[in-house]
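Structural overview for review
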Amino acid sequence: MKRLLTIVIALTLLVGTITSASAAPKEKLLVYTSMKEVLIGEIRDAFVKKHPEVQFDYYSAGAGKLMAKIAAERQSGKLMVDVLWTSEIPDFYQLKSQGALEKYVSPEAASIISPVKDPDGCFTPARLGTLGIAYNTNKVKVAPKTWQDLLGPQFKDGFGIANPSLSGTAMVSVAMLVENLGWDYIKGLRANGAKMGQGSGQVVDDVAMGDLKACIAVDYIAINKIQEGAPMGFVYPDKILVIPSPVAIFKGTPNLSAAKKFVDFLLSKEGQAIIAASYTLPIRKDVPVVQGVGLVSPEEAVKRAFPLDYLKMIGEKEKIADQFTAIMTK
C-alpha cells in the first residue's frame with residue numbers, strides 16, 4: 001500500500017512538472033510593417049511554424065502612420081514595437097541617427113545583394129522593391145526601353161507619376177529621377193503631357209482602366225493587376241528604380257532574442273522565397289524570382305539601379321515634393 005502511494009505521488013509530481021513546462025511563457029515579438037497583409041501573414045505563419053516558442057504579433061499600416069505611432073510611444077517612454085519593416089529607407093537613417101536602433105548583423109546577411117546597406121548593422125535590406133513602367137497594351141504598342149522613350153509621342157498626354165507628397169515610394173522615385181536625370185527631365189515629361197496621380201496603386205489602376213497610357217509602377221502592384229487580367233504590360237527601362245525595404249530591431253527591446261530570430265528568418269532562403277513569390281525581388285542570389293512576369297534577377301536590378309543619396313534626400317523631401325508639384329500642375 002505504501003509503495004502504491006509512493007508511485008501515485010511520483011506520478012502526480014511528474015504530471016505537474018510536465019504541465020508546468022508546457023505552460024512556460026512564450027517569447028513575445030511585435031513587428032510594425034507597411035508590407036501588404038497577405039505577405040506579412042504568410043511570413044508570420046512560416047516563422048511561427050519554425051519558432052513555436054515565439055508569440056508573434058504584427059501591426060500593419062502605412063509607413064507614415066507607423067512612424068507617428070513609434071514617435072508617440074517613444075515620447076511616452078513605453079515603446080511597444082520590437083521590429084520595424086517598411087520601404088521608407090529615410091526613416092531608418094533617421095532612427096539610426098537618433099540612436100534608436102539595435103546593431104545586429106545576422107548570419108544570413110552575408111548573402112544579401114542590395115544597392116543600400118548599413119555598415120553598422122542598424123538596419124538590413126530584406127526585400128528589393130522595384131519600380132518599372134506599367135503600360136496599357138491597347139494604347140501602347142511598343143514598350144519603352146529607356147527613360148527618354150517616355151518623352152516621345154507614344155506617351156503624349158498619357159503618362160502618370162504618383163504624388164510624392166502622398167506616397168513615400170513616389171518620393172524616392174522622383175528623387176532618383178531628379179538626382180540622375182535632372183529637373184529638366186521632369187519638365188520634359190510635363191511638356192509631353194505627363195500627369196501627377198494620387199497613390200502608387202491609383203496610377204496603376206488608371207493605366208488598367210485606360211485613363212493613362214502608362215505610369216511609373218511598383219513591381220508587385222502592376223504584376224498583380226496583370227495577373228487579374230488587366231490589359232497591361234510591365235517593363236524596366238535601361239536604369240531601374242530600386243528601393244530596398246529594410247528591417248531593424250529597436251534598441252532596448254525586452255524581446256531581443258525573438259527579434260533576432262525574426263530578422264534571421266526574414267533574410268533566410270525560406271523567408272526570401274515567400275517574398276519572391278509575391279512578385280517582387282528577394283535580396284539573395286540563391287532565391288529565384290517569378291519568371292514570365294517582367295522581373296529581373298536581384299543582381300541585374302542592383303547592376304542597373306539608379307543611385308540615390310538618401311541622407312541628402314532626407315533634408316530635401318519637402319523641397320522636392322513642392323518643386324515636382326509646381327512643375328506637374330503648371
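All of these numbers come straight from a predicted model, not from anything done at the bench.

Regarding the overall build of the protein
- A tally of helices and strands in the protein yields 13 helices and 10 strands.
- If one aligns the C-alpha atoms of the protein with their principal axes, the spans along those axes are about 100 × 40 × 30 Å.
- A burial count over the protein gives 51% of its 330 residues as buried.
- A sequence separation of at least 24 residues applies to 76% of the contacts in the protein between residues at least 6 apart.
- Per element, the accessible surface of the protein, about 15200 Å² overall, is 55% carbon and sulfur.
- If you average the places of the 38 positive and of the 33 negative side-chain charges in the protein, the two averages end up 2 Å apart.

Some remarks on the pairing of strand S8 (residues 214-218)
- Of all 5 residues that make up S8, 5 are buried, and the element is covered over most of its length.
- Side-chain alternation along S8 places Ala214, Ile216 and Val218 on one buried face and Cys215 and Ala217 on a second face that is also buried.
- In this sheet, S8 lies alongside strand S5 (residues 124-136) in antiparallel orientation, the contact comprising 5 bridges. The residue bridging Tyr135 from the neighbouring strand is Ala214, located in S8.
- Looking at chain direction, strand S6 (residues 159-161) and S8 are connected through 2 bridges and run parallel. Opposite Phe159, over in S8, you have Ala214 as the bridge partner.

Considerations on the packing of helix H2 (residues 37-50) against helix H9 (residues 256-267)
- Where H2 contacts H9, the two axes come as close as 11 Å, and the packing angle between them is 115 degrees. Pair H2 / H9 crosses with right-handed handedness. For the pair H2 and H9, contact is made by Ile43, Ala46, Phe47 and Lys50 and by Ala258, Lys261, Phe262, Phe265 and Leu266, respectively.
- Counted by class, the contact of H2 with H9 contains 7 nonpolar, no polar and 2 charged residues.

Re the pairing of strand S10 (residues 241-250)
- Taken across its 10 residues, S10 has 10 buried, putting it largely inside the fold.
- Residues of S10 alternate between two faces, with Leu241, Ile243, Ser245, Val247 and Ile249 on one and Val242, Pro244, Pro246, Ala248 and Phe250 on the opposite face, all of them buried.
- The pairing of strand S3 (residues 83-85) with S10 spans 3 bridges and is antiparallel. Bridging from a neighbouring strand, Leu84 pairs with Ala248 of S10.
- With 2 bridges joining them, strand S4 (residues 101-102) and S10 adopt antiparallel strand pairing. Each residue of the ladder has a partner; that of Glu102, found in S10, is Ile249.
- Of the strand pairs in this sheet, S5 and S10 are connected by 6 bridges, and their pairing is antiparallel.

Notes on unusual backbone geometry
- A positive phi angle, close to 60 degrees, is found at Asp157, a residue other than glycine.
- Inspection of the secondary structure assignment puts Asp157 in the loop between S5 and S6.
- Under the relative-accessibility criterion, Asp157 is labelled partly exposed at 45%.
- With phi around 65 degrees, Tyr279 is a residue other than glycine that occupies positive phi space.
- For Tyr279, the position within the fold is in the loop between helix H10 (269-276) and helix H11 (298-303).
- Residue classification places Tyr279 among the buried positions, given a relative accessible area of 18%.

What about the nonpolar core?
- Formed by 111 residues in total, the largest nonpolar core has its most connected members in Leu29, Ile43, Trp85, Ile186 and Phe262.
- With 8 residues, helix H5 (residues 168-181) is the largest single contributor of residues to this core.

A word on the packing of aromatic side chains
- Across all of its chains, the model carries 10 aromatic pairs by this definition.
- A centroid spacing of 5.8 Å and a plane angle of 65 degrees characterise the contact between Phe47 and Phe265, whose relative ring orientation is edge-to-face. Here Phe47, found in helix H2, pairs with Phe265, found in helix H9; they are 218 residues apart in sequence, far enough to count as distant. Each member of the pair, Phe47 as well as Phe265, carries the same accessibility label: buried.

Cut-offs used in this document
Residues numbered from 1 in each chain as written. Predicted model: local features only at pLDDT ≥ 70, side-chain atom pairs only at ≥ 80, totals over all residues. Heavy atoms only, no water. Helix = DSSP H or I, 4+ residues; strand = E, 2+ residues; numbered from the N terminus. Buried < 20%, exposed > 50% of the residue type's maximum accessible area, 1.4 Å probe, protein only. Contact = heavy atoms within 4.5 Å. Areas by Shrake-Rupley, 256 points an atom, 1.4 Å probe, with all protein chains shown as cover. Lys, Arg positive; Asp, Glu negative; His and termini not counted. Charge placed at Lys NZ, Arg CZ, Asp CG, Glu CD. Pairing = 2+ DSSP bridges. Axes fitted to C-alpha atoms, helices over the stretch in contact; angles between N-to-C directions. Left-handed = near helix turned anticlockwise from the far one by under 90°. Nonpolar A, V, L, I, M, F, W, Y, C, P; charged D, E, K, R; others polar. Core = buried A, V, L, I, M, F, W, Y, C linked by side-chain atoms within 4.5 Å. Phe/Tyr/Trp six-rings, centres within 6.5 Å; stacked < 30°, edge-to-face > 60°.

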